[in-house]
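# Close look at the chain arrangement
Take a look at the letters that make up each chain.
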Amino acid sequence: MKKRNTILILGIVSIIILITVQVIILKGVYQGKGEMFNLRYRLFSQDALTAISRRFSTDGFDTARIMINNYSEKAAREIAAITDTAKLSAKKKDVIFFVTKVLNQEQDLSQFLSDYFERRRIDKNFNHKIIVNYFELINDEQRIPIYISEEYAARLPMRRDTVQRGGSPGGFRPLRHVSEILVKSDRSETNYYRLDFDYFIDFRDKQKVVMRDTAASLVLSTLSIIVVVILFLITYKNLMEEKRLSNLKTDFINNMTHELKTPLSTITVAGKTLLLPQIRENDEKIVETARMISKQSVHLNQLINMILEISMWERTQFQIDKKKVKIEDFLKDIVESFRSGGGNGATITQKYNFTNPEIELDTVYITTLLNNLLSNAVKYCEKEPVIDIEGFSQENNIFIKVADNGIGISKNDQKHVFDKFYRASTGNIHKYKGLGLGLYYVKKIAEAHGGDVTVSSKPGKGSIFTVTIPY
Ligand code: ADP
């Protein structure tokens, strides 16, 4: 039990480790593919920029720069005249809002890029984003810093006190995102302003594309995990089955030893008894002892034959020798000899309704089959045994039902009673003698005839065994 749990826990831990490793690898692959995507489009964008400036002699921001220049000339004069700090701060905000808006709306670079990507037949569905890093107005050589981004300020520490810093210029998100591709960093200065900004693009379908590229790895990883889990489950199940069989074999050997010891010790005692002088003088006692020896030898012989037969069955195919019999008479004979033999005073009722009076079967094996069912019905009964046998034909099969009023079989034991060496747990404590082979025989014999055997039972209420044999 402990070993089984250790194997199970080790297996589960290994699978968790495997899944974790796969997730880490997949994450790496996903990030790698994302970086590859960015790199590819950065190179395309650089090519596009070079092509655009060669072809149109512009970078797409000419209109925006003219508008900012005109605006700056006016704004610089206005700001220079403001003395109130609150008003000054509000005005600076207005200025940076205007500049950012113009840069975003009045540029042609996005259109150029989109056309270029379309011509190259690559993805052209992107959003652009412009982040202003630095902006200052110039009024008669006097510089008026308006805005400096946190990042820019960290790089170039200057006039921190007077400059509008950080925040969100004009409502545009200033923080860069890893998936964004920096296409252009621009710095320009005229008589009225100095501006430093970055132009980014961000592909709407990037995630989809990267996911598609990662899909093969994802499928392979998932498959490998599934294969490992299935392999583990199969191995674990086989291990448990081996363990169950080995336990059954141990039980069988214990039961067999017990079974063999009983007749053997009786014979030993009887042998010793025969040596006693007072017994030898008594003819009746000699005959009685000899009968006992003979009976026990027969029993011993039966047990040994049974073991030999099983090992023979294991090695060769079950050979049956079919003969035509009148089924009803044949069954009645078996029941009769059971009643007169070891029936133990069981009340047996029989009800037959065969539409085909004759059937071909192996009489020896079917006798063993029915005897095993009958003796179990008596053996596993704690009151006066009442056995009802019913036989009938249906759809090219004959059915033989043996119902008893015995101790019954639990749902779980019902699944295993036909297994070799299996004994229901109460059976293993020698309350009821046996080797766990009777029903195994029944099943083997029924199958050898092309049929089957099933059980339905309720603990305490008795059992019904149904044998089907096709004809
Ligand atoms: P054995 O009788 O030697 O133990 P069997 O293969 O005949 O082996 O039966 C297997 C187990 O099935 C028995 O140990 C017993 O627990 C259960 N069993 C078989 N027949 C009956 C029955 N008629 N009523 C209750 N339990 C039964």
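A short tour of the structure in this document, coming up. (Residues numbered from 1 in each chain as written. Predicted model: local features only at pLDDT ≥ 70, side-chain atom pairs only at ≥ 80, totals over all residues. Heavy atoms only, no water.)

## Observations concerning the sheet that holds strand β11 (residues 452-458)
Within a sheet, each strand pairs with its neighbour through backbone hydrogen bonds, oriented either parallel or antiparallel. Defined as follows: Two strands are counted as paired when DSSP detects at least two bridges linking them. Note on conventions: DSSP H or I runs of at least 4 residues are helices, E runs of at least 2 residues are strands, and numbering of each starts at the N terminus. Lines fitted to the C-alpha atoms define the axes, with helices restricted to the stretch that makes contact. Angles between their N-to-C directions range from 0 to 180 degrees. Two residues qualify as a contact provided that any one of their heavy atoms is within 4.5 Å of a heavy atom in the partner residue.
Across the sheet, which stays open at both edges, the 5 strands sit in the order β7-β9-β10-β12-β11 with mixed pairing between neighbours. Every other strand in the sheet has two partners, leaving β7 (347-353) and β11 as the edge strands with one partner each. The average undirected angle you get between the axes of adjacent strands in this sheet is 15°. Pairing of strand β10 (residues 397-403) with strand β12 (residues 462-470) involves 7 bridges; the strand directions are antiparallel. Across the sheet, the residue bridging to A403 is I464, located in β12. Sheet strands touched by helix α9 (residues 327-340): β7, β9 (386-394) and β10. Its angle to β7, the strand with the most contacts, is close to 175°.

## Points about the packing of α9 against helix α10 (residues 363-379)
Inclusion rule: In these notes the angle categories are as follows: under 35 degrees is roughly parallel, over 145 is roughly antiparallel, 65 to 115 is roughly perpendicular, and the rest is oblique. Crossings are classed by handedness, with left-handed meaning an anticlockwise turn of the near helix from the far one by less than a right angle and right-handed meaning a clockwise turn. Residue classes follow a fixed rule: Ala, Val, Leu, Ile, Met, Phe, Trp, Tyr, Cys and Pro count as nonpolar, while Asp, Glu, Lys and Arg count as charged, and any other residue, Gly among them, counts as polar.
For the pair α9 and α10, the least separation of the axes is 10 Å and the interaxial angle reads 45°. The orientation of α9 with respect to α10, classified from their angle, is oblique. You can see that α9 and α10 cross each other, and the crossing is right-handed. On α10, the residues that touch F330, L331, I334, V335 and F338 of α9 are T363, I366, T367, L370, N371, L374, S375 and V378. Here the residues of the contact of α9 with α10 sort into 9 nonpolar, 4 polar and no charged.

## Digging into the packing of aromatic side chains
Applicable threshold: In this scheme Phe, Tyr and Trp rings, the latter by its six-membered ring, pair at centre separations within 6.5 Å, and the angle between planes marks the pair as stacked below 30 degrees, edge-to-face above 60, and tilted otherwise. Note on exposure labels: buried denotes an accessible area under 20% of the residue type's maximum, exposed denotes more than 50%, and partly exposed covers the range between, all computed with a 1.4 Å probe on protein chains only.
Counted under the stated rule, the structure contains 19 aromatic pairs. Each ring, one from Y41 and one from F203, has its centre 4.1 Å from the other, and the planes form 50°; the classification is tilted. Remark: F203 occurs in strand β5 (residues 193-203) and Y41 occurs in helix α1 (residues 2-56); sequence separation between them is 162 residues. Take Y41 and F203: they sit in the same class, and that class is buried. Following the ring pairs from residue to residue traces out a cluster consisting of F37, Y41, F44, Y116, F117, F126 and F203.

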